[in-house]
Amino acid sequence: DVKVTQSSRYLVKRTGEKVFLECVQDMDHENMFWYRQDPGLGLRLIYFSYDVKMKEKGDIPEGYSVSREKKERFSLILESASTNQTSMYLCASSEIDSNSYNEQFFGPGTRLTVL
Amino acid sequence: AQTVTQSQPEMSVQEAETVTLSCTYDTSESDYYLFWYKQPPSRQMILVIRQEAYKQQNATENRFSVNFQKAAKSFSLKISDSQLGDAAMYFCAFQGGSEKLVFGKGTKLTVNP
(Lines give C-alpha, C1' and ligand atoms only; values in the text may rest on other atoms or scores of the structure.)
Protein backbone atom coordinates (compact mmCIF):
# COMPACT_ATOMS: atom_id res chain seq x y z
CA ASP A 1 0.00 0.00 0.00
CA VAL A 2 1.05 3.54 -0.68
CA LYS A 3 1.97 5.41 2.43
CA VAL A 4 2.12 9.16 2.70
CA THR A 5 3.28 10.51 6.03
CA GLN A 6 3.36 14.02 7.39
CA SER A 7 5.75 15.11 10.10
CA SER A 8 3.17 16.41 12.56
CA ARG A 9 -0.56 15.94 13.15
CA TYR A 10 -0.84 19.13 15.18
CA LEU A 11 1.41 22.18 15.20
CA VAL A 12 1.17 25.49 17.03
CA LYS A 13 3.35 28.39 15.93
CA ARG A 14 3.58 32.11 16.58
CA THR A 15 3.06 34.88 14.05
CA GLY A 16 6.26 35.62 12.16
CA GLU A 17 7.85 32.20 12.73
CA LYS A 18 9.25 30.19 9.85
CA VAL A 19 7.33 26.93 9.61
CA PHE A 20 8.30 23.72 7.84
CA LEU A 21 5.74 21.03 7.03
CA GLU A 22 7.27 17.79 5.82
CA CYS A 23 5.73 15.09 3.67
CA VAL A 24 7.24 11.73 2.72
CA GLN A 25 5.87 9.08 0.35
CA ASP A 26 7.22 5.57 -0.03
CA MET A 27 5.96 4.53 -3.47
CA ASP A 28 8.40 6.32 -5.75
CA HIS A 29 5.69 8.66 -7.04
CA GLU A 30 6.76 11.45 -9.34
CA ASN A 31 4.01 13.90 -8.37
CA MET A 32 3.56 15.46 -4.98
CA PHE A 33 1.03 18.07 -3.87
CA TRP A 34 0.31 20.41 -0.99
CA TYR A 35 -3.29 21.40 -0.29
CA ARG A 36 -4.91 23.61 2.24
CA GLN A 37 -8.31 22.56 3.59
CA ASP A 38 -10.68 25.06 5.20
CA PRO A 39 -14.34 24.56 6.18
CA GLY A 40 -16.67 25.54 3.36
CA LEU A 41 -13.79 26.00 0.91
CA GLY A 42 -12.80 22.40 0.24
CA LEU A 43 -9.23 21.60 -0.82
CA ARG A 44 -7.20 24.25 -2.55
CA LEU A 45 -3.89 23.49 -4.22
CA ILE A 46 -0.94 25.47 -2.89
CA TYR A 47 1.96 23.93 -4.83
CA PHE A 48 2.63 20.92 -6.98
CA SER A 49 5.89 19.15 -7.85
CA TYR A 50 6.25 16.73 -10.78
CA ASP A 51 9.92 15.90 -10.26
CA VAL A 52 12.86 16.58 -7.99
CA LYS A 53 13.61 20.29 -7.85
CA MET A 54 10.61 21.01 -10.09
CA LYS A 55 7.60 22.90 -8.78
CA GLU A 56 4.53 24.62 -10.05
CA LYS A 57 2.27 27.13 -8.33
CA GLY A 58 -1.23 26.08 -7.51
CA ASP A 59 -4.24 28.25 -6.84
CA ILE A 60 -3.09 29.88 -3.60
CA PRO A 61 0.75 30.02 -3.48
CA GLU A 62 1.03 33.42 -1.79
CA GLY A 63 2.86 33.23 1.51
CA TYR A 64 4.17 29.73 0.84
CA SER A 65 7.20 28.14 -0.78
CA VAL A 66 8.18 24.51 -1.33
CA SER A 67 11.25 22.36 -1.58
CA ARG A 68 11.78 19.00 -3.22
CA GLU A 69 15.39 17.89 -2.93
CA LYS A 70 14.60 14.17 -2.96
CA LYS A 71 11.91 12.32 -4.83
CA GLU A 72 10.21 10.98 -1.73
CA ARG A 73 10.11 14.23 0.25
CA PHE A 74 8.15 17.43 -0.38
CA SER A 75 8.33 20.29 2.10
CA LEU A 76 5.96 23.22 2.51
CA ILE A 77 7.50 26.36 3.98
CA LEU A 78 5.72 29.29 5.56
CA GLU A 79 8.41 31.98 5.51
CA SER A 80 6.65 34.18 8.07
CA ALA A 81 3.55 32.55 9.48
CA SER A 82 0.41 34.62 9.81
CA THR A 83 -2.87 33.94 11.59
CA ASN A 84 -4.70 33.57 8.27
CA GLN A 85 -2.53 30.53 7.56
CA THR A 86 -4.19 28.64 10.40
CA SER A 87 -5.61 25.63 8.57
CA MET A 88 -5.42 21.92 7.84
CA TYR A 89 -2.62 21.08 5.40
CA LEU A 90 -2.80 17.91 3.33
CA CYS A 91 -0.02 16.35 1.31
CA ALA A 92 -0.67 13.93 -1.55
CA SER A 93 1.30 11.96 -4.14
CA SER A 94 0.57 10.25 -7.43
CA GLU A 95 2.27 8.51 -10.33
CA ILE A 96 2.65 9.95 -13.80
CA ASP A 97 0.64 8.01 -16.39
CA SER A 98 -0.41 9.95 -19.43
CA ASN A 99 -2.75 7.15 -20.53
CA SER A 100 -4.76 6.87 -17.35
CA TYR A 101 -6.05 8.63 -14.30
CA ASN A 102 -3.64 9.43 -11.54
CA GLU A 103 -5.13 8.56 -8.19
CA GLN A 104 -3.79 10.81 -5.50
CA PHE A 105 -2.87 9.26 -2.16
CA PHE A 106 -3.16 11.52 0.83
CA GLY A 107 -1.35 11.90 4.11
CA PRO A 108 -3.19 12.26 7.43
CA GLY A 109 -2.92 16.04 7.45
CA THR A 110 -1.28 18.63 9.71
CA ARG A 111 -3.52 20.92 11.72
CA LEU A 112 -1.53 24.17 11.97
CA THR A 113 -2.54 26.92 14.38
CA VAL A 114 -0.78 30.28 14.16
CA LEU A 115 -1.19 32.44 17.26
CA ALA B 1 -10.73 26.80 -15.83
CA GLN B 2 -12.57 23.82 -14.51
CA THR B 3 -14.93 24.16 -11.58
CA VAL B 4 -16.60 21.56 -9.40
CA THR B 5 -19.78 22.33 -7.48
CA GLN B 6 -21.25 20.35 -4.60
CA SER B 7 -24.52 22.05 -3.78
CA GLN B 8 -25.22 20.13 -0.55
CA PRO B 9 -22.95 21.23 2.31
CA GLU B 10 -24.57 18.65 4.60
CA MET B 11 -26.68 15.55 4.18
CA SER B 12 -28.04 12.96 6.55
CA VAL B 13 -29.31 9.43 6.08
CA GLN B 14 -30.71 6.70 8.26
CA GLU B 15 -28.63 3.59 8.66
CA ALA B 16 -29.47 1.01 5.95
CA GLU B 17 -31.09 3.64 3.73
CA THR B 18 -29.83 5.07 0.44
CA VAL B 19 -28.45 8.55 -0.05
CA THR B 20 -27.32 10.46 -3.14
CA LEU B 21 -24.70 13.20 -3.09
CA SER B 22 -24.71 15.68 -5.95
CA CYS B 23 -21.82 17.05 -7.99
CA THR B 24 -21.72 19.14 -11.12
CA TYR B 25 -18.68 20.35 -13.00
CA ASP B 26 -17.78 22.69 -15.77
CA THR B 27 -15.15 21.96 -18.41
CA SER B 28 -14.51 22.34 -22.10
CA GLU B 29 -12.43 19.16 -22.23
CA SER B 30 -13.85 15.97 -23.70
CA ASP B 31 -11.53 13.50 -22.02
CA TYR B 32 -11.25 13.58 -18.25
CA TYR B 33 -11.71 11.66 -15.03
CA LEU B 34 -14.04 12.19 -12.11
CA PHE B 35 -13.56 11.00 -8.56
CA TRP B 36 -15.32 10.80 -5.24
CA TYR B 37 -13.04 10.95 -2.22
CA LYS B 38 -14.06 10.22 1.37
CA GLN B 39 -12.52 11.91 4.40
CA PRO B 40 -13.59 10.27 7.69
CA PRO B 41 -13.22 12.14 10.97
CA SER B 42 -9.67 10.70 11.30
CA ARG B 43 -8.79 12.92 8.29
CA GLN B 44 -7.11 10.41 5.95
CA MET B 45 -8.62 11.06 2.53
CA ILE B 46 -9.30 7.92 0.48
CA LEU B 47 -10.60 7.29 -3.01
CA VAL B 48 -14.11 5.85 -3.11
CA ILE B 49 -14.85 5.58 -6.81
CA ARG B 50 -13.70 6.93 -10.16
CA GLN B 51 -15.24 7.38 -13.59
CA GLU B 52 -13.58 7.80 -16.96
CA ALA B 53 -15.50 10.28 -19.10
CA TYR B 54 -15.17 8.15 -22.22
CA LYS B 55 -16.98 5.26 -20.54
CA GLN B 56 -20.75 5.41 -20.72
CA GLN B 57 -21.23 2.74 -18.08
CA ASN B 58 -21.57 4.08 -14.58
CA ALA B 59 -18.88 2.97 -12.15
CA THR B 60 -19.79 0.78 -9.19
CA GLU B 61 -17.79 -0.25 -6.14
CA ASN B 62 -19.80 -2.47 -3.80
CA ARG B 63 -22.39 -0.20 -2.12
CA PHE B 64 -21.12 2.89 -3.93
CA SER B 65 -22.24 3.79 -7.44
CA VAL B 66 -22.28 6.88 -9.57
CA ASN B 67 -24.76 8.43 -11.97
CA PHE B 68 -22.60 10.03 -14.64
CA GLN B 69 -24.44 12.31 -17.05
CA LYS B 70 -21.78 13.70 -19.39
CA ALA B 71 -24.03 16.04 -21.35
CA ALA B 72 -25.41 17.53 -18.15
CA LYS B 73 -21.93 17.54 -16.55
CA SER B 74 -23.30 15.80 -13.51
CA PHE B 75 -21.61 13.15 -11.37
CA SER B 76 -23.64 12.06 -8.35
CA LEU B 77 -22.66 9.42 -5.79
CA LYS B 78 -25.18 6.93 -4.48
CA ILE B 79 -24.51 5.09 -1.26
CA SER B 80 -26.77 2.09 -0.70
CA ASP B 81 -27.42 0.35 2.62
CA SER B 82 -25.70 3.19 4.49
CA GLN B 83 -23.51 2.22 7.41
CA LEU B 84 -22.28 4.21 10.40
CA GLY B 85 -18.77 4.02 8.93
CA ASP B 86 -19.93 5.94 5.88
CA ALA B 87 -20.15 9.12 7.96
CA ALA B 88 -17.53 11.47 6.52
CA MET B 89 -16.84 14.44 4.30
CA TYR B 90 -17.20 13.52 0.65
CA PHE B 91 -15.37 15.43 -2.03
CA CYS B 92 -16.05 15.32 -5.75
CA ALA B 93 -12.96 15.91 -7.89
CA PHE B 94 -12.15 16.49 -11.56
CA GLN B 95 -8.96 15.65 -13.44
CA GLY B 96 -8.51 16.91 -16.98
CA GLY B 97 -5.37 17.17 -19.07
CA SER B 98 -2.98 17.78 -16.21
CA GLU B 99 -1.80 15.97 -13.10
CA LYS B 100 -3.85 18.24 -10.87
CA LEU B 101 -7.24 17.64 -9.30
CA VAL B 102 -9.95 20.25 -8.88
CA PHE B 103 -12.07 19.59 -5.81
CA GLY B 104 -15.56 20.62 -4.83
CA LYS B 105 -16.19 22.14 -1.41
CA GLY B 106 -17.41 18.91 0.06
CA THR B 107 -20.57 17.40 1.53
CA LYS B 108 -20.68 16.31 5.16
CA LEU B 109 -22.63 13.08 5.46
CA THR B 110 -24.16 12.08 8.79
CA VAL B 111 -25.48 8.55 9.26
CA ASN B 112 -28.15 8.22 11.94
CA PRO B 113 -28.54 4.90 13.78
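Located above this text is the structure these notes cover.
The text that follows walks through the structure, step by step, so that each part is easy to find. Just so you know, these numbers come straight off a predicted model, no measurement behind them.

## Some thoughts on unusual backbone geometry
Here's step 1: With a phi close to 60 degrees, Asp28 of chain A is a non-glycine residue in the positive phi region.
Here's step 2: Along the chain, the position of Asp28 of chain A falls in the loop between strand E3 (19-25) and strand E4 (31-38).
Here's step 3: Even without a glycine there, the phi angle at Lys73 of chain B is positive, about 55 degrees.
Here's step 4: Here Lys73 of chain B shows up in the loop between strand E8 (64-69) and strand E9 (74-79).

## Considering the nonpolar core
Here's step 1: Core analysis: the largest hydrophobic core is formed by 25 residues, its most contacted members being Tyr25, Trp36, Phe75, Leu77 and Tyr90 of chain B.
Here's step 2: Elements with a minimum of two residues in this core: strand E3 (19-21), strand E5 (33-39), strand E6 (46-52), E8, E9, strand E10 (88-95) and strand E12 (107-112) of chain B.
Here's step 3: Here this core gets four residues from one element, more than from any other, and that element is E10 of chain B.
Here's step 4: Core analysis: the second largest hydrophobic core is formed by 20 residues, Ile60, Val66, Tyr89 and Leu112 of chain A among them.

## Let's talk about the state of the cysteines
Structurally, a disulfide amounts to a covalent bond that connects the sulfur atoms of two cysteines.
All names here are of chain B.
Here's step 1: The final tally for this structure, using the stated rule, is two disulfides over all chains.
Here's step 2: Paired by a disulfide, Cys23 and Cys92 hold their sulfur atoms 2.0 Å apart. With the S-S bond torsion at -70 degrees, the cross-link from Cys23 to Cys92 turns out left-handed. In this pair, Cys23 sits in the loop between E3 and strand E4 (24-26) while Cys92 sits in strand E10, placing the two residues 69 residues apart along the sequence.

The rules behind these values
- The residue count restarts for each chain, going from 1 along the sequence in the order it is written.
- Working convention: letters from A go to chains and numbers from 1 go to ligands, in the order in which they are written.
- Side-chain atom pairs in this predicted model are given and counted only at pLDDT of 80 or more, local residue features only at pLDDT of at least 70, and totals for whole chains, interfaces and linings cover all residues.
- With hydrogens and water stripped out, all remaining heavy atoms of the structure feed into the side-chain values.
- Numbering goes from the N terminus for both helices and strands, where a helix is a DSSP run of H or I of at least four residues and a strand is a run of E of at least two.
- Here, nonpolar core refers to any group of buried Ala, Val, Leu, Ile, Met, Phe, Trp, Tyr and Cys residues whose side-chain atoms link them within 4.5 Å.
- Each residue's exposure class comes from its accessible area (1.4 Å probe, protein chains only) as a fraction of the maximum for that residue type: buried when under 20%, exposed when over 50%, partly exposed otherwise.
- Cysteine sulfurs are considered disulfide-paired once they come within 2.5 Å of each other.

Any functional reading would require information that these geometric values do not contain.
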